[in-house]
Amino acid sequence: GTFEATVEAGSYRVCFWAEDYPYLCYNGRTNGEWDDVDVVEGQTTTIEQTLVEYGDISGVVTDGSGPVAHVRVQAYVETVGAPEEWGPENSTWTEADGSYSFGQLRPGTYRLRFSAPGLRTEFYEDASAVWRATDIEVGSGLTVADVDAQLAQLPGISGHIDLPDGAMDAQPRVRAIDEQGEIA
């Protein structure tokens, strides 16, 4: 559709949106980036913009013995103005069959993080950190499918605490401290 706005001369950040379409600024900018539109006294500045459709990433998370429910899957994006710094943009959870889908992601580059209690946290393609993760390119209106992960079980410590006779009200506790003195 067409639009017209009466404004004073100056520079403006012009952004667009519509129901079921992601917020988008002039020249296709997203994520806090923008190109200014300069308006000169006595003139109308004409700009064109095409809205993009949401994309999606989907896959299945397993642990070697089968699908895993309730895994948190986070989509990270590169931080504006800070190359190679990534932060979470969106998250979802796996279903009982281990499947997940974000549903609505803006087109762009993402890196995924998978985490669940008792399982080793990892980024897509078995990366240990976001800067080592594999990029996933999401296009307008497209689903990137089969972005699967297999998470490893974390090792653990188990045992039994014997209490002396008559210590029935005692509430024993266990604390594991690593080599750096951190509580695990």
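Note that the structure is a prediction, hence the values are computed from the model and not measured. (Residues numbered from 1 in each chain as written. Predicted model: local features only at pLDDT ≥ 70, side-chain atom pairs only at ≥ 80, totals over all residues. Heavy atoms only, no water.)

Draft legend 1. Main features of the overall build of the chain. Per the secondary structure count, the chain includes 0 helices and 13 strands. Beginning at the N terminus, the succession of helices and strands in the chain can be written as β-β-β-β-β-β-β-β-β-β-β-β-β. Compactness check: the chain gives a C-alpha radius of gyration of 24 Å against a globular reference of 16 Å for 184 residues, more than 25% above the reference. Once the C-alpha set of the chain is aligned to its principal axes, its extents read approximately 95 × 35 × 30 Å. With 184 residues in all, the chain has 28% of them scored as buried. A sequence separation of at least 24 residues applies to 61% of the contacts in the chain between residues at least 6 apart. A total of about 12600 Å² of accessible surface is found on the chain, and carbon and sulfur atoms cover 46% of it. (Helix = DSSP H or I, 4+ residues; strand = E, 2+ residues; numbered from the N terminus. Rg over C-alpha atoms; globule rule 2.2 N^0.38 Å. Buried < 20%, exposed > 50% of the residue type's maximum accessible area, 1.4 Å probe, protein only. Contact = heavy atoms within 4.5 Å. Areas by Shrake-Rupley, 256 points an atom, 1.4 Å probe, with all protein chains shown as cover.)

Draft legend 2. The arrangement of the pattern of salt bridges in detail. Taken as a whole, this structure holds 2 salt bridges when the rule is applied. For R106, the salt bridge identified is with E89, shortest N-O distance 2.7 Å. Taken together, the residues span a long stretch of sequence, with R106 in the loop between β8 (99–101) and β9 (108–116) and E89 in strand β7 (residues 86–93) at a distance of 17 residues. Residue classification places E89 among the partly exposed positions, given a relative accessible area of 34%. (Salt bridge = Lys/Arg side-chain N within 4 Å of Asp/Glu carboxyl O.)

Draft legend 3. Structural view of the pairing of β9. As judged from the 5 bridges shared by strand β6 (residues 72–78) and β9, these two strands associate in the antiparallel manner. Note that in β9 the partner of R72 across the bridge is S115. Here β9 runs beside strand β11 (residues 136–138); their pairing, made up of 3 bridges, is antiparallel. Across the sheet, the residue bridging to Y110 is I136, located in β11. Looking at chain direction, β9 and strand β10 (residues 119–123) are connected through 3 bridges and run antiparallel. Note that in β10 the partner of F114 across the bridge is E122. (Pairing = 2+ DSSP bridges.)

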